[in-house]
Amino acid sequence: MQKSSIILALSALLVALGALAASLVLSPGNQPGEVVSSGDALVGGAFEATDHTGKRVSEEDFLGKYTLYYFGYTYCPDVCPAELQVLSAALGEVPDAAEKFQIAFVSIDPERDTPDVMKDYVGNFWPGTVGLTGSAEDIRKMAGKFRVYYAKAGGEQQAAGADDYLMDHSSIVYLMGPDGKFIRHFPFGTSAEDIAKALKGVAKGA
Ligand code: NI
């Protein structure tokens, strides 16, 4: 995404966090004001998508390993490739990373990011990187579960049919456990060193 879009994305994140905080207090089935101690399922959950080999997959295909979910798009000029490089560098520091970890790079631009495009793209990064794309509806639902914001940059000014558009999107890495449950996130700008340290800690407890 464009650097000028980061503020917009952060604003969307704050709105999402506000909704998240509200949902903690007012979860369906709970009495108003009742404290809900479990944060399970606030981020992530069931999804369906198409991987970079063209196979239909769901959240169950990502169980058994720690998964770093990152939402972006292959045409992204700066933020996405930089973040995937950071994750690749971090995983390169973790012993036996391939046995314990995987990256799921989810396209928020499924219109252009076909499985073939995703396959070429993920080949540039850490070997355990899976590219996910799908129908616009697949991605809308999945992004919703991960509270990811995305939109075509330029909005109404975007020329209809133009294929050189940019996307605005939030840039957050979500770490999910082998059971598919949310463990923590890494905000944009977290260094490879800090991520590696965190992943080593998580893997040690596995
Ligand atoms: Ni990007």
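Everything discussed here concerns the structure shown above.
Residues numbered from 1 in each chain as written. Predicted model: local features only at pLDDT ≥ 70, side-chain atom pairs only at ≥ 80, totals over all residues. Heavy atoms only, no water.

Structural notes on the overall build of the chain
Link 1 in the chain: Within the chain, the regular secondary structure consists of 6 helices and 9 strands.
Link 2 in the chain: Total accessible area on the chain stands at roughly 10,400 Å², and carbon and sulfur atoms take up 56% of it. (Helix = DSSP H or I, 4+ residues; strand = E, 2+ residues; numbered from the N terminus. Areas by Shrake-Rupley, 256 points an atom, 1.4 Å probe, with all protein chains shown as cover.)

Some details on the pattern of salt bridges
Link 1 in the chain: Tallying each qualifying case throughout the model produces 5 salt bridges.
Link 2 in the chain: As a salt-bridge pair, arginine 56 and aspartate 138 come within 2.7 Å of each other at their nearest N and O atoms. In this pair, arginine 56 sits in strand β2 (residues 56–58) while aspartate 138 sits in helix α5 (residues 136–145), placing the two residues 82 residues apart along the sequence.
Link 3 in the chain: For aspartate 138, a relative accessible area of 13% translates into the label buried.
Link 4 in the chain: With a shortest N-O distance of 2.7 Å, aspartate 109 and arginine 112 are connected by a salt bridge. The pair formed by aspartate 109 and arginine 112 is uniform in burial state, with each residue classed as buried.
Link 5 in the chain: Among the charged side chains, a salt-bridge network with shared partners connects Glu48, Arg56 and Asp138. (Salt bridge = Lys/Arg side-chain N within 4 Å of Asp/Glu carboxyl O. Buried < 20%, exposed > 50% of the residue type's maximum accessible area, 1.4 Å probe, protein only.)

Limitation: the analysis is restricted to geometry and does not speak to function.
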